[in-house]
Amino acid sequence: FPTPTTVQWQVSTDGGTSFTNIAGATSTTLTFTAAAGQNGNLYRAVFKNAVGSANTITAQLNVKFAPTLVTQPTNQGVAATGTATFTAVANANPAATVQWQVSTDGGKTFTNLNGATSTTLTITNVPASDSGFQYRAVFTNTFGTTTSQAAKLTVGTAPAITTQPA
């Protein structure tokens, strides 16, 4: 079998359904700086000579990266004794843990909420005294920590009639 005369690296961003040539990647070694958005891409080399071509098996890129926020929590307004729900989502590899925190002093200091470790924080039977509290999510993996913006909780009460019409 004749020695290969050319090599062309290809990438698939759709799980191997299609491959496209990587411009300038014509060496037997493919070297590049990986970005988080390339996580999961498949790579292969195509060797060609006068007789034909042969593809290598594919190699999947596994990019490790610190959490990056995808969804920030938003301010919530609820009636006293109602339910408030905050959501925050981060992308990370490996997957990140999440810890919700609360500030009762206008965002100066935050403390962890025990057991609040999912991407959705639900607070039921909200007392009127919690109005103005701020909530944020802290995402952590082995590559870093990212903290969401703080979202404010506003608790209102139904109007009270103090004087009836005569």
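Before reading on, note that the structure itself is shown above.
Per chain, the residues get numbers from 1 upward, laid out in the order the sequence is written. Two thresholds apply to this predicted model, a pLDDT of at least 70 for residue-level local features and 80 or more for giving and counting side-chain atom pairs, whereas whole-chain, interface and lining totals are computed over all residues. Side-chain calculation: all heavy atoms of the structure are included, whereas hydrogens and water are not.

With respect to the environment of threonine 85
Okay, step 1: Counting from the N terminus, the helices are DSSP H or I runs at least four residues long and the strands are E runs at least two residues long. Here threonine 85 is to be found in strand E8 (residues 84-87).
Okay, step 2: The buried label applies to any residue whose accessible area, calculated with a 1.4 Å probe on protein chains only, is under 20% of its type's maximum; exposed applies above 50%, and partly exposed to all values in between. Threonine 85 sits in the partly exposed class, given a relative accessible area of 34%.
Okay, step 3: Placed 42 residues apart in sequence, threonine 85 and proline 127 show a C-alpha to C-alpha distance of 14 Å.
Okay, step 4: The residues contacting threonine 85, other than those within four sequence positions of it, are Gln76, Thr120, Leu121 and Thr122. Whether two residues are in contact is decided by their heavy atoms, any of which lying within 4.5 Å being enough.

Observations concerning the nonpolar core
Okay, step 1: Counting 18 residues, the largest nonpolar core has Phe86, Trp100, Leu121, Val126, Tyr135 and Leu153 as the members making the most contacts within it.
Okay, step 2: Formed by five residues, the second largest nonpolar core is a distinct cluster that contains Val11, Tyr43, Val63 and Phe65. The nonpolar core is taken to be a set of buried Ala, Val, Leu, Ile, Met, Phe, Trp, Tyr and Cys residues, with the residues joined through side-chain atoms within 4.5 Å.

Points about unusual backbone geometry
Okay, step 1: At the junction of asparagine 93 and proline 94, the peptide bond is cis and its omega measures out at 5° in the coordinates.
Okay, step 2: For proline 94, the position within the fold is in the loop between strand E9 (89-93) and strand E10 (97-103).
Okay, step 3: A positive phi is found at threonine 81, a non-glycine position, where the angle reads about 70°.
Okay, step 4: Looking at the secondary structure, you find threonine 81 in the loop between strand E7 (76-79) and E8.
Okay, step 5: Judged by its relative accessible area of 57%, threonine 81 falls in the exposed class.
Okay, step 6: The residue asparagine 125 is not glycine, and still its phi comes out positive at about 50°.
Okay, step 7: Mapped onto the secondary structure, asparagine 125 falls in the loop between strand E12 (120-123) and strand E13 (134-141).

Remarks on the packing of aromatic side chains
Okay, step 1: A pair of aromatic rings is counted whenever rings of Phe, Tyr or Trp (Trp by its six-membered ring) have centres within 6.5 Å, and the orientation is called stacked for planes under 30 degrees apart, edge-to-face for over 60 and tilted otherwise. Following the criterion strictly, the structure yields two aromatic pairs and no others.
Okay, step 2: Arranged with centres 5.4 Å apart and planes meeting at 35°, the rings of phenylalanine 32 and tyrosine 43 form a pair that is tilted. A residue pair is termed long-range when its members are at least 10 positions apart, and phenylalanine 32 in the loop between strand E2 (20-21) and strand E3 (42-48) and tyrosine 43 in strand E3 qualify at eleven residues.
Okay, step 3: Here phenylalanine 32 falls in the partly exposed class, since its relative accessible area comes to 36%.
Okay, step 4: One cation-aromatic arrangement involves arginine 44 over phenylalanine 19; the distance from NZ or CZ to the ring centre is 3.8 Å.
Okay, step 5: Think of it as a cone above the ring: NZ of Lys or CZ of Arg counts as a charge over the ring if it is within 6 Å of the ring centre and within 35 degrees of the ring normal. Between the NZ or CZ atom of arginine 136 and the centre of the ring of phenylalanine 110, over which it lies, the distance is 3.8 Å.

Some thoughts on the side chain of serine 103
Okay, step 1: Tracing the backbone shows serine 103 in strand E10.
Okay, step 2: As used in this structure description, the phrase polar contact means that two N or O atoms lie within 3.5 Å; if the pair is within protein, one of them must be able to donate a hydrogen and the other to accept it, and residues adjacent in sequence are counted only when both atoms belong to side chains. Only 2.9 Å separates the side chain of serine 103 from the backbone oxygen of threonine 109, close enough to count as a polar contact.
Okay, step 3: The residues contacting serine 103, other than those within four sequence positions of it, are Lys108, Thr109, Phe110, Phe133 and Gln134.

Describing the environment of valine 70
Okay, step 1: Inspection of the secondary structure assignment puts valine 70 in strand E6 (residues 65-71).
Okay, step 2: The exposure class assigned to valine 70 is exposed, which follows from its relative accessible area of 56%.
Okay, step 3: Apart from the residues lying within four places of it in its own chain, the contact partners of valine 70 are Val89, Ala90 and Asn91.

Here we look at the pairing of E8
Okay, step 1: Only one face of E8 is buried: it carries Ala84 and Phe86, and the other face, with Thr85 and Thr87, is open.
Okay, step 2: Here, any two strands with at least 2 DSSP bridges between them count as paired. Of the strand pairs in this sheet, E8 and E12 are connected by four bridges, and their pairing is antiparallel. Counted as the bridge partner of phenylalanine 86 is leucine 121 from E12.

Structural notes on the side chain of asparagine 93
Okay, step 1: With respect to the element layout, asparagine 93 can be found in strand E9.
Okay, step 2: Side-chain polar atoms of asparagine 93 contact the side chain of asparagine 62, separated by 2.7 Å.

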